[in-house]
Amino acid sequence: MRIPENKIEEIRSAVNIVDIIAEFVNLRKRGQNFLGLCPFHNEKTPSFTVSEEKQIFHCFGCHAGGNVFKFLMDYEKISFVEAVKSVAERLGIQIEYENQAGTEKQSEQEMLYDVNEIAMKYFSDILLTKEEGETGRKYFQQRKIKNQTIREFNLGYAPYKRDAFVEYAKNRIDLEKAMQLGLIGRGKEGNLFDKFSGRIIFPIDSPNGRVVGFGGRILEKNEYAAKYLNSPESIIYTKGKLLYGLSHAKDEIRRLNKVIMVEGYMDLISLYQNGIKNVVAVSGTALTEDQVVLLSRYSKNVVLLFDADIAGVKASMRSIEILLKKDFEIRIVSLPKGEDPDSYVNQFGKEKFDELVKQAVSFHEYQTALYEAEGYFTDSARSAEAIRNLVKSLSLISDELKRNFYIKSISKRFGIRENLLESELDKLLVKDVKQETPAKDSFRSNKVFPNKEIKITQEIQFLERDIILLFLTGSPDIIKFVFSHINPEEFLIELNRKIAELIYEEFNKKGSFEVAAVIDTIEDEEVKDYLQLLSIDQYSLSSSWEKLYPKQDNSSVLSKVCMDTMKKFKSLQMDNQIKDILSQVQNVSSEEEGRELLHILDQYQADKKRLNEEFN
Ligand SMILES: [Zn+2]
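Cut-offs applied
Residues numbered from 1 in each chain as written. Predicted model: local features only at pLDDT ≥ 70, side-chain atom pairs only at ≥ 80, totals over all residues. Heavy atoms only, no water. Salt bridge = Lys/Arg side-chain N within 4 Å of Asp/Glu carboxyl O. Buried < 20%, exposed > 50% of the residue type's maximum accessible area, 1.4 Å probe, protein only. Helix = DSSP H or I, 4+ residues; strand = E, 2+ residues; numbered from the N terminus. Phe/Tyr/Trp six-rings, centres within 6.5 Å; stacked < 30°, edge-to-face > 60°. Lys NZ or Arg CZ within 6 Å of the ring centre and 35° of its normal. Axes fitted to C-alpha atoms, helices over the stretch in contact; angles between N-to-C directions. Parallel < 35°, antiparallel > 145°, perpendicular 65-115°, else oblique. Contact = heavy atoms within 4.5 Å. Nonpolar A, V, L, I, M, F, W, Y, C, P; charged D, E, K, R; others polar. Pairing = 2+ DSSP bridges. 1 Å grid on protein atoms, 1.4 Å probe; cavity = no way out; pocket = protein on both sides within 12 Å on 5 of 7 lines; lining within 4 Å. Points joined across faces, edges and corners; volume = space filled by probe spheres on them. Core = buried A, V, L, I, M, F, W, Y, C linked by side-chain atoms within 4.5 Å. Domains from an automatic or database assignment. Donors = N, O, S within 2.8 Å, 3.2 Å for Na, K, Ca; no water. Tetrahedral: all angles 85-135°; square planar, octahedral: opposite > 155°, others 65-115°.

A.B. asks: Teacher, can you tell me more about the pattern of salt bridges here?
C.D. replies: Any two side chains of opposite charge can pair, given that their charged atoms come close. Counted by the stated rule, this structure contains 30 salt bridges. Here aspartate 174 makes a salt bridge to lysine 177, at a shortest N to O gap of 3.8 Å. Residue classification places lysine 177 among the buried residues on the basis of a relative accessible area of 10%. Across the pair glutamate 252 and arginine 255 runs a salt bridge, and its minimum N-O distance is 3.1 Å. Separated by three residues within a single helix, glutamate 252 and arginine 255 lie in helix H10 (residues 246-256), roughly one turn from each other. By relative accessible area, arginine 255 is classed as exposed at 59%.

What follows is the structure, given as structure tokens:
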């Protein structure tokens, strides 16, 4: 049973998001927007904004945001389909459902979210109310997990049967989709079976709390099965891009400006239940750069819980490197031998745990103390090795002041001359730069000499932002005009490039573009956030145009702004190309190469002339 996509769009455009949200939140008009206290995080000054014009909401405090359906889903904790129905009922719009065979489909992503949602409710229902859930209930009782916590994390249990979920799902969801999501497998004879059977289920959420996959821990001893099973990647789930528990922890992480990072699901859940709510779990994979970037939006102060030995540090070195490179402030807690966060907090409680966290030391201090404890500094060969390793960690810190501080502290502590340490550090830093250079973003549209780098100036930033703002006017003429001159890949700033690609795709598909229609399908949190910000924050086209750009839609002024922006963008692009060629001309190695460069230069200059004519 699906709601046709055009019906969803009809319902969305018939409702005013302000009316719906005003049912739940006290809104006051402020400028063009409405403002209120955010229902998704605790605040005293309103940062929750609703745009009537763009039909989206956005919270500047916790970054919640989306269209009217997203609001209802998050506020009332209901599925997408339920949210659509609820709006339709308010408006008195009849919904005709279509079968799976229907030609117009709900977006692929939404269907997958729905399948996960249904599976999650099924597993949770078994655990909380069904007889087959007894094994699961016993497990959580032993682990001292309360029912309230089980509900909060939507924990579940998949009964130890071959096809209990298959049977349940048969008439409710598209089994192909369930297979795609790794909930169901197909045996050699074509028979379908439950993938997670006999496992405790941990739903994995996106930061906004939508279920993208599952982690399953086996309960019955079975030497053929892995202890943990995770959903495969799908269009709604990319491993290494999410952190387990973030949707629950994000407000608390912001409030305390600190995040505790643990390894397992159960560590996180135990800490959470004991009132330590600023926790995320890496679980499953090694920490990735994407995860760190995601986390940096909430806090850059991270506390790691470690096994207290050098092997433990070595194993975690990769994570630490990534965190240091992204300017995180790392503090380390060592747990008593034989304890993990789960066992520790259950045995000693929140206060003792908080104390432990308070005693956390910087990564550098921790590492030094470990080498000391293991006797490295008593013999000169091992001492050199330890110091080299300490300096190596320092080389990962991008903040020069911080590095100098630690150099001084090593120097003092071990009586080593500062400049000796510095020269060691310099060697490592030079190596680092060399390794990183090729990865930098090069100017993509220049296919002939792709090696040059363009400095992102403020002018480029403003111009690119203006172009995105032009897209956001939603005028098909303007969007068409811009794309006839610029490819999405010509944007130099990655974020803008992603947004341009998204708009380009949407516009080609539908011939129109509206933020509220696409905002909920955007997976990339950064893109989504920036797009909401631009839509809602009343950025206006650059200040010189502000006077020209009237409140009413005056298409001739708008098209003038559009022409101007395009001209500036193109001519800046060409200037950069010309500058680059000129610098290459100075370093040519053969006459032939020089001639070729001059020829290209001629072409660029001709292009530039043509450009001036075209836009005047
Ligand atoms: Zn908020």
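A.B. asks: Would you take a moment to explain the packing of aromatic side chains for this structure?
C.D. replies: Here the distance between the centres and the angle between the planes together describe a pair of aromatic rings. One pass over the structure, following the stated rule, counts 29 aromatic pairs. For the pair phenylalanine 405 and tyrosine 406, a centre-to-centre distance of 5.4 Å together with 70° between the ring planes defines the contact as edge-to-face. Lying across the ring of tyrosine 376, arginine 382 places its NZ or CZ 4.2 Å from the centre.

A.B. asks: Explain the packing of helix H21 (residues 494-510) against helix H23 (residues 525-536) to me, please; I cannot follow it from the model alone.
C.D. replies: How two helices pack is summed up by the angle between their axes together with the distance between the axes. For the pair H21 and H23, the least separation of the axes is 10 Å and the interaxial angle reads 85°. Judged on the interaxial angle alone, H23 and H21 are roughly perpendicular. Here Leu495, Asn496, Lys498, Ile499 and Leu502 of H21 come into contact with H23, specifically with Glu526, Val527, Tyr530 and Leu531. Grouping the constituent residues of the contact of H21 with H23 by class yields six nonpolar, one polar and two charged.

A.B. asks: Which parts of the structure should I look at to understand the sheet that holds strand E4 (residues 56-59)?
C.D. replies: Pairing between sheet strands relies on hydrogen bonds along the backbone, with the strands arranged either parallel or antiparallel. As summarised here, the arrangement of the five strands in space is E1-E2-E3-E4-E5, forming an open sheet in which the pairing is antiparallel. The open sheet has two edge strands with one neighbour each: strand E1 (28-30) and strand E5 (65-66). Packed onto the sheet, H23 meets strand E2 (33-36), strand E3 (48-51), E4 and E5 and runs at close to 110° relative to E4.

A.B. asks: Any chance you could explain the environment of alanine 169 here in plain terms?
C.D. replies: By the element assignment, alanine 169 lies in helix H8 (residues 164-169). Along the backbone, alanine 169 and alanine 119 are 50 residues apart, and their C-alpha atoms lie at a distance of 8.1 Å.

A.B. asks: Before we go on, may I ask you to explain empty space enclosed by the protein in this structure?
C.D. replies: In this approach a probe as big as a water molecule rolls over the atoms, and the regions it shows empty are the leftover space. With the rule as written, the count across this model stands at four cavities of 30 Å³ or more. Space inside the largest cavity adds up to approximately 110 Å³. Elements supplying a minimum of two residues to the lining of the largest cavity: strand E15 (329-334), helix H15 (363-373), helix H16 (380-394) and helix H17 (400-414).

A.B. asks: Help me understand the sheet that holds strand E11 (residues 228-230), please; the structure alone is not making it clear to me.
C.D. replies: Read across the open sheet, the four strands follow the order E6-E9-E10-E11; overall the sheet is antiparallel. The two strands at the open ends of the sheet, each matched to only one other strand, are strand E6 (156-158) and E11. Strand after strand, the sheet turns through a mean of 30° between neighbouring axes, direction not considered. Note that strand E10 (residues 211-218) and E11 share three bridges and pair antiparallel.

A.B. asks: Mind showing me how you'd approach the side chain of arginine 210 here?
C.D. replies: Within the secondary structure layout, arginine 210 lies in the loop between strand E9 (199-205) and E10. If we skip the residues at most four places from it in the chain, arginine 210 touches Lys70, Met73, Phe80, Glu110, Tyr113, Ile204, Asp205 and Asp520.

A.B. asks: Would you take a moment to explain the nonpolar core for this structure?
C.D. replies: As a rule of thumb, soluble globular proteins bury nonpolar side chains together. Membership of the largest hydrophobic core comes to 61 residues, with the highest contact counts inside it found for Phe140, Leu155, Leu183, Phe214, Tyr244, Ile260 and Phe353. Here the element with the most residues in this core is helix H5 (residues 108-129); it accounts for nine residues. When residues of this core are assigned to domains, at least three map to each of domain 2 (108-230) and domain 3 (256-433).

A.B. asks: Would you take a moment to explain the layout of surface pockets for this structure?
C.D. replies: Considering only enclosed or pocket space, the largest pocket measures out at about 1300 Å³ in volume. Looking at the lining of the largest pocket, the elements with two or more residues in it are helix H3 (68-76), H5, helix H7 (147-152) and H10. Each residue belonging to the lining of the largest pocket can be placed in one class, and the counts come to 13 nonpolar, 10 polar and 16 charged. Taken together, domain 1 (5-91) and domain 2 (108-230) each give at least three residues to the lining of the largest pocket, which thus spans both.

A.B. asks: I keep staring at the coordination of the zinc ion and nothing clicks. Help me out?
C.D. replies: Ideal geometry at a metal gives 109.5 degrees between four tetrahedral donors and either 90 or 180 degrees between six octahedral ones. At 2.1 to 2.3 Å from the zinc ion lie its protein donor atoms, namely Cys38 (SG), His41 (ND1), Cys59 (SG) and Cys62 (SG). Note that the zinc ion binds four donor atoms; their angles at the metal cover 102 to 116°, and the shape is tetrahedral. Spacing between the donor residues of the zinc ion along the chain follows C-x2-H-x17-C-x2-C. In this pair, cysteine 38 sits in the loop between E2 and E3 while cysteine 62 sits in the loop between E4 and E5, placing the two residues 24 residues apart along the sequence. Like cysteine 38, the residue cysteine 62 is buried in the burial classification.

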